[in-house]
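# Observations on chain architecture
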2 protein chains.
Amino acid sequence: MHVTAEDIVSMEQRYRAHFVNSLSGFKSANLVGSVDNAGNNNLAIISSVFHLGANPPLIGMIIRPHTAPRGTFENILASGFYTINHVNADIFEKAHQTSARYRESVSEFREVGLTPESSKRHPAPYVQESRLKIGVFFCEHKTIELNGTNLIIGEIVEVLVDDSVVKEDGFIDIESLDTVAVSGLDRYHQTKALARLSYAKPHRNPERVD
Amino acid sequence: MHVTAEDIVSMEQRYRAHFVNSLSGFKSANLVGSVDNAGNNNLAIISSVFHLGANPPLIGMIIRPHTAPRGTFENILASGFYTINHVNADIFEKAHQTSARYRESVSEFREVGLTPESSKRHPAPYVQESRLKIGVFFCEHKTIELNGTNLIIGEIVEVLVDDSVVKEDGFIDIESLDTVAVSGLDRYHQTKALARLSYAKPHRNPERVD
């Protein structure tokens, strides 16, 4: 099947959304917690969180103007902090449900049945049921003029995770946390490890290191 | 386990790289094919490709200045095109091996044993062994000053995929292509679908749609 740019342009809108969202490969599944100036919590599932750098520890995410939670972006600008919480297989349906268009004053935590958990370091709420939680300080955003989306860049201020899953070399076994992956707009997946591979060097095949 | 920003700063460099790279969740696994002005092919595994928008069909990726393939970035600027090829479970070890520091004149295709495939639409090479291939026109790059990384933004010009995996609504079943996911710097995973969930609406639980 050979799909050209012209074919994509002429696709029905919803078909195109499913098709193009599937192309980049597997995506992370995270719940982003934030709070407004009046203390109202907001929770939104986001599949566009990605690693940006280890030193300083930076994390990025894309927020779309029309589909995505505008409340989240406004809260981040207002409070300066947000949380990123891994979605696991026990809560993926509740996590998905946060994408419904609730009214601004409504807390998605209560509507979907997840529990806010507070931090001593910042005002944004964690998701108690998540097994890997990241507190993030908002650094900057960059607008992508081509489609009006925003890249949100944050610096990690704390990480909450069970220490049994942090390996000797710093690697975190997120599969054992049952963290899920997303494909397209709406499919959720568990994972099954193939292998960890050694640091690649020319003229030597990679070795399995677990 | 409670890890603070200060703990992360004081981690040994390699430990920190493993730790922070694990935080964002599962990542896509793609091989990026490019070509220089002399016709030399370059191939690099990149775990930072992400969806940016469906209309126009945009795809983003992060290239790091020190660890990642500088040849790829230069080739993209020079030729204006690149390819993104899903890594599947049959080729993940060869894909990983492309991250070894080969000399600039060396083709990673030949070194790791993958086959370049040409397009009529653009000069960049596809990976024949990949089951989902995307041709991309380079639009722009944005430098993230906080750490010197680059966000590369491209528009999709063609997609090559077996039509049996494209569902009625446009969703592509990438799990059936055996596309893999990455966690941390070096772990590869197959996936096992939990469910597709219906579009979320307030006061209605999501339904399984497959």
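Presented here is a report on the structure given in the accompanying data block. (Residues numbered from 1 in each chain as written. Chains lettered and ligands numbered in written order. Predicted model: local features only at pLDDT ≥ 70, side-chain atom pairs only at ≥ 80, totals over all residues. Heavy atoms only, no water.)

Moving on to the environment of Arg14 of chain B. Along the chain, Arg14 of chain B falls in helix H2 (residues 13–23). Leaving out residues up to four positions away in the same chain, Arg14 of chain B has contacts with Asp169 and Tyr199 of chain A together with Leu185 of chain B. (Helix = DSSP H or I, 4+ residues; strand = E, 2+ residues; numbered from the N terminus. Contact = heavy atoms within 4.5 Å.)

Here the focus is the interface of chain A and chain B. Across the contact, 107 residues belong to chain A and 107 residues belong to chain B. Of all residues in chain A, Phe26, His51 and Arg187 of chain A give up the largest surface area on contact with chain B, accounting jointly for 8% of the area buried on that side. Linking chain A with chain B are 10 salt bridges, by the criterion used here. We note a salt bridge from Glu93 of chain A to Arg208 of chain B, for which the minimum N-O separation is 3.3 Å. Split into classes, the residues belonging to the side of chain A that touches chain B amount to 50 nonpolar, 29 polar and 28 charged. Bridge analysis of strand S13 (residues 187–196) of chain A against strand S13 (residues 187–196) of chain B gives nine bridges, and the strand direction is antiparallel. Within the sheet, the bridge partner assigned to His189 of chain A lies in S13 of chain B and is Ala193 of chain B. (Buried area = accessible area lost by both parts, 1.4 Å probe. Salt bridge = Lys/Arg side-chain N within 4 Å of Asp/Glu carboxyl O. Nonpolar A, V, L, I, M, F, W, Y, C, P; charged D, E, K, R; others polar. Pairing = 2+ DSSP bridges.)

A few words on the sheet that holds S13 of chain A. The antiparallel open sheet is built from six strands, whose spatial order is S2(A)-S12(A)-S13(A)-S13(B)-S12(B)-S2(B). Looking at the sheet topology across the chains shown, the edges are occupied by strand S2 (27–28) of chain A together with strand S2 (27–28) of chain B.

The next subject is the relation of the copies chain A and chain B. Once turned by 180° and shifted 0.0 Å along the axis, chain A lies on chain B with an RMSD of 0.0 Å. The superposition of one copy onto the other is thereby described by a two-fold rotation axis. Taking the C-alpha atom as reference, chain A places Thr191 of chain A closest to the rotation axis, 2.1 Å from it. When you check the interface residues of chain A against chain B, 100% turn up at the interface there too, and the contact is symmetric in its surfaces. (Least-squares fit on C-alpha atoms with pLDDT ≥ 70 in both.)

Once that is clear, we can look at the environment of Pro206 of chain A. When you line up the elements, Pro206 of chain A lands in the segment after S13. The class of Pro206 of chain A is buried, set by a relative accessible area of 16%. In the structure, Pro206 of chain A is positioned 10 residues away from Arg196 of chain A in sequence and 9.5 Å away in space, judged by C-alpha atoms. Pro206 of chain A has contacts with Leu197 and Ser198 of chain A together with Glu93, His96 and Gln97 of chain B, leaving out every residue within four places of it along the chain. (Buried < 20%, exposed > 50% of the residue type's maximum accessible area, 1.4 Å probe, protein only.)

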